[in-house]
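The chain contents come next:
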Amino acid sequence: MNDIVSAILTAVWVFIPAMVPNSAAALFGGGTPIDLGRTWNGHRILGDGKTWRGLFGGGLSGVVIGMVQMAVSLPFDPQGLWGFGSFFGALPLLFLLSFGALMGDILGSLIKRRLGLKRGARAPILDQYDFVIGAFLLVIPLQWGWFKSVYLGGYGVYGLLFLLALIPVLHRSVNIAGYKLGIKKEPW
Ligand code: CTP
Ligand code: MG
């Protein structure tokens, strides 16, 4: 029982560097769009909702949060840093989680624009999971050993399932909060 709980907590904890960048991008974003305003088949390539400032501000926020998480884990778990592994070993992992999440978000917008959906239009599943797909697409091939030990080894699969179930709930709550605070234009 205890092992399942700890596998679930670890699965969520180590995924925080992938969960932060989207919200941080909404905070720091704005300015020059990544697609520089260009269109493809009459629709924007990505749209004004994907900016360079959002990409780098959001991406670096995820990395910094991950480093803070490792620092607070140090006294409790000096060897494993609560699922991250060694500090320098985990640095590439933080970049992959964080920028992978934003790559997924960009890919999501690319798909939305190809479907003719305007910036901010609702796209169920894509809106909630694009960042997860992006992060996993980078982490699974490039940090396979880490992914296997956290999300597949022992009770890791339960952690993975819990994380995947938690994400739409978190996504919805954070977006409603962002909307009410005036940071986001839509509550989704
Ligand atoms: N944002 C940004 N740069 C990014 C990602 C996000 O500037 N790379 C900011 C934008 O201000 C964006 C907000 O974060 O409006 C919310 O992000 P998101 O919901 O992903 O964008 P949408 O505006 O809904 O656009 P899309 O329809 O393309 O998802
Ligand atoms: Mg949106």
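Everything discussed here concerns the structure shown above.
What you see is a predicted model; the values in this text were computed from it and never measured.

> Residue-level account of the site of ligand 1, with values.
By nearness alone, 17 residues border ligand 1, and K50, T51, S109, R113 and G120 come closest of all. The contact in question runs from an oxygen atom of ligand 1 to an N or O atom on the side chain of K112, over 2.9 Å. At a separation of 2.8 Å, an oxygen atom of ligand 1 approaches a polar side-chain atom of K184. Expressed as a share of its isolated accessible area of 580 Å², the protein-covered part of ligand 1 is 88%. Per element, the largest residue contribution to the shell around ligand 1 is 4 residues, and it comes from helix α4 (residues 87-114). Here the shell around ligand 1 is composed, by residue class, of 3 nonpolar, 7 polar and 7 charged.

> Go over the environment of L46 with me, naming the residues and quoting the values.
Mapped onto the elements, L46 comes out in the loop between β2 (43-44) and α3 (52-73). It is 12 Å that separates the C-alpha atoms of L46 and T32, two residues lying 14 residues apart in sequence. Once residues within four sequence positions are removed from consideration, L46 is found in contact with I34, D35, I106, S109, L110 and R113.

> Account for the nonpolar core, with residues named and values stated.
Counting 35 residues, the largest nonpolar core has F15, F84, F136, W146 and Y151 as the members making the most contacts within it. Breaking this core down by element, the ones donating at least two residues are α1 (2-13), α2 (16-28), α3, α4, α5 (126-142), α6 (144-152) and α7 (156-180). With 9 residues, α4 is the single largest residue contributor to this core. Each residue touching Y151, except ones within four places of it in the same chain, is listed here: A11, V14, F15, F136, W146, G156, V157, L160 and L163.

> So what about the side chain of Q143? Which residues, and what values?
Tracing the chain through its elements places Q143 in the loop between α5 and α6. Excluding anything up to four places from it in sequence, Q143 contacts P92, L93, L96 and L138.

> Quick one: what's the story with α2, residue by residue and with numbers?
Helix length check: α2, at 13 residues, gives a terminal C-alpha distance of 18 Å against a target of 18 Å (1.5 Å per residue), a fit within 8%. The sharpest bend along α2 measures roughly 25° and falls at N22. Among the residues of α2, P17, A18, M19, P21, A24 and A25 are the ones counted as buried. Against the buried residues of α2 lie α1, α3, α4, α5 and α7.

> I'd like to hear about the packing of α2 against α4, residue by residue, with values.
Two numbers describe how α2 lies on α4: the axes approach to 8 Å, and their chain directions differ by 50°. On the basis of the axis angle, α2 is oblique to α4. Handedness of the crossing formed by α2 with α4: right-handed. Taken together, the residues of α4 that come into contact with α2 (itself represented by P17, A18, P21, N22 and A25) are L94, L97, S98, A101, L102 and D105. Residue composition of the contact of α2 with α4, grouped by class: 8 nonpolar, 2 polar and 1 charged.

Calculation criteria
- Counting restarts for each chain, with residues numbered from 1 along the sequence as it is written.
- For this description, chains carry letters from A and ligands carry numbers from 1, given in the order in which they are written.
- Given that the model is predicted, a residue must reach a pLDDT of at least 70 before its local features are reported, and side-chain atom pairs must reach 80 or more before they are shown or counted; all residues, however, enter totals for whole chains, interfaces and linings.
- Heavy atoms from the whole structure form the basis of all side-chain values; hydrogens and water molecules are not counted.
- Summary of the distance rule: residues count as near a molecule or strand when at least one heavy atom falls within 4 Å of that molecule or strand.
- Any N or O atom pair separated by 3.5 Å or less is treated as a polar contact, with the protein-specific requirement of one donor-capable and one acceptor-capable atom, and with residues adjacent in sequence counted only for side-chain atom pairs.
- All accessibility values rest on the Shrake-Rupley procedure with a 1.4 Å probe; residue burial counts only the protein chains present in the view.
- Each helix is a run of DSSP H or I of at least 4 residues and each strand a run of E of at least 2, with the numbering of both proceeding from the N terminus.
- Throughout this entry, Asp, Glu, Lys and Arg are counted as charged residues, while Ala, Val, Leu, Ile, Met, Phe, Trp, Tyr, Cys and Pro are counted as nonpolar. The remaining residues, Gly among them, count as polar.
- Contacts between residues were defined by any pair of non-hydrogen atoms, one from each residue, lying within 4.5 Å.
- By nonpolar core we mean a set of buried residues, namely Ala, Val, Leu, Ile, Met, Phe, Trp, Tyr and Cys, connected to one another through side-chain atoms within 4.5 Å.
- Whether a residue is buried, partly exposed or exposed follows from its accessible area with a 1.4 Å probe, protein chains only, as a fraction of its type maximum: under 20%, in between, or over 50%, in that order.
- In a helix, the anticipated span is given by 1.5 Å times the number of residues less one.
- We define the bend at each residue as the angle formed by axes fitted to the 7 residues ending at it and the 7 residues starting at it.
- Axis lines are fitted to C-alpha atoms, over the contacting stretch for helices. Their N-to-C directions set the angle, which ranges from 0 to 180 degrees.
- The cut-offs work like this: below 35 degrees is roughly parallel, past 145 is roughly antiparallel, 65 to 115 is roughly perpendicular, and the gaps in between are oblique.
- In this scheme, a crossing is called left-handed if the near helix is turned counterclockwise away from the far one by less than a right angle; it is called right-handed if the turn is clockwise.

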